[in-house]
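# Structure assessment
Next come the chains, spelled out residue by residue.
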Amino acid sequence: NRYMTITEARKITRDATLSKGQTLTGIEPSATYNVTYFAPQLRSKFGVSIQVWKEKIRRDANDRFKKMKRDFPNAEETKAVPPTALFSHFQGIMTLSFADLTKSMVVSVSCGDTVCSDQELVDLANAVKKKL
């Protein structure tokens, strides 16, 4: 909840049916990684997720961001979250990833394309960035 509340996610996406969902499968939350997921009413669709990595040093955050650029499907650079971010889209899920190297942090904000628009994804990511 530190980076995005359910109220903020509902307001930005204009989807009042979003609810606190289970954590995403794959990476377990730890001292250096956490995730928040807001589920849509139709659970077969993807809602909104915020993944945050806090690395020990700036170089590790930069390396993680470069790896995302290499590994995320259809990744392309964008200035949607200044100074630079990555946009990727795969199987109905849009993701904006960005790094704050001064804080050694990397963030990925994802949204199902039936839950939010491109602009709402940008608004979600910028709202998270303001709270880093």
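Coordinates for the structure precede this section.
Residues numbered from 1 in each chain as written. Predicted model: local features only at pLDDT ≥ 70, side-chain atom pairs only at ≥ 80, totals over all residues. Heavy atoms only, no water.

### Section: the state of the cysteines
Short version of the rule: By convention in this document, the label disulfide applies to cysteine sulfur atom pairs within 2.5 Å. Categorising residues by exposure relies on relative accessible area from a 1.4 Å probe, with only protein chains included: less than 20% of the type maximum marks a residue as buried, more than 50% marks it as exposed, and the intermediate range marks it as partly exposed.
Per the stated rule, a full pass over the model turns up one disulfide. Disulfide pairing places cysteine 111 opposite cysteine 116 at an S-S distance of 2.2 Å. Residue cysteine 111 is classed as buried on the basis of its relative accessible area of 0%.

### Some details on the sheet that holds strand S4 (residues 76-78)
The following threshold applies: Pairing between two strands is assigned when DSSP locates at least 2 bridges connecting them. The helix count covers DSSP runs of H or I at least four residues long, the strand count covers runs of E at least two residues long, and both are numbered beginning at the N terminus. Contacts are assigned to residue pairs that have any heavy atoms within 4.5 Å of one another. What counts as an axis is a line fitted to C-alpha atoms, over the stretch in contact for a helix, and the angles between N-to-C directions run from 0 to 180 degrees.
The strand order S1-S2-S3-S7-S6-S5-S4 describes an open sheet built from seven strands, whose pairing is antiparallel. The open sheet has two edge strands with one neighbour each: strand S1 (19-20) and S4. Pairing analysis gives six bridges linking strand S2 (residues 33-39) to strand S3 (residues 48-54), with the strands arranged antiparallel. Bridged to tyrosine 37 within S3 is serine 49. Contacts between helix H2 (residues 58-71) and the sheet are confined to S3, S4, strand S5 (85-90), strand S6 (93-100) and strand S7 (105-112), with S7 contributing the most and set at about 30 degrees to the helix.

### Quick notes on the pattern of salt bridges
Keep this limit in mind: The term salt bridge refers to a side-chain nitrogen of Lys or Arg lying within 4 Å of a carboxyl oxygen of Asp or Glu.
Throughout the structure, instances matching the rule amount to five salt bridges. When the shortest N-O distance is used, the salt bridge between arginine 70 and aspartate 71 registers 2.9 Å. For arginine 70, a relative accessible area of 60% translates into the label exposed. Residue classification places aspartate 71 among the partly exposed positions, given a relative accessible area of 41%.

### Thoughts on the nonpolar core
This is how the line gets drawn: Only buried residues count toward a nonpolar core, which is a set of Ala, Val, Leu, Ile, Met, Phe, Trp, Tyr and Cys residues joined through side-chain atoms within 4.5 Å.
Ranked by size, the top nonpolar core spans 27 residues in total, and within it Met4 and Ile50 carry the most contacts. Taken together, the elements giving at least two residues each to this core come down to helix H1 (6-13), S3, S6, S7 and helix H3 (118-130). The element that contributes the greatest number of residues to this core is H3, accounting for six residues. Excluding residues that lie within four positions of it along the chain, isoleucine 50 makes contacts with Met4, Asn34, Val35, Thr36, Phe38, Val107, Ser108, Val109 and Val128. One finds Tyr33, Phe65, Leu86 and Val106 within the second-largest nonpolar core, a separate group that totals nine residues.

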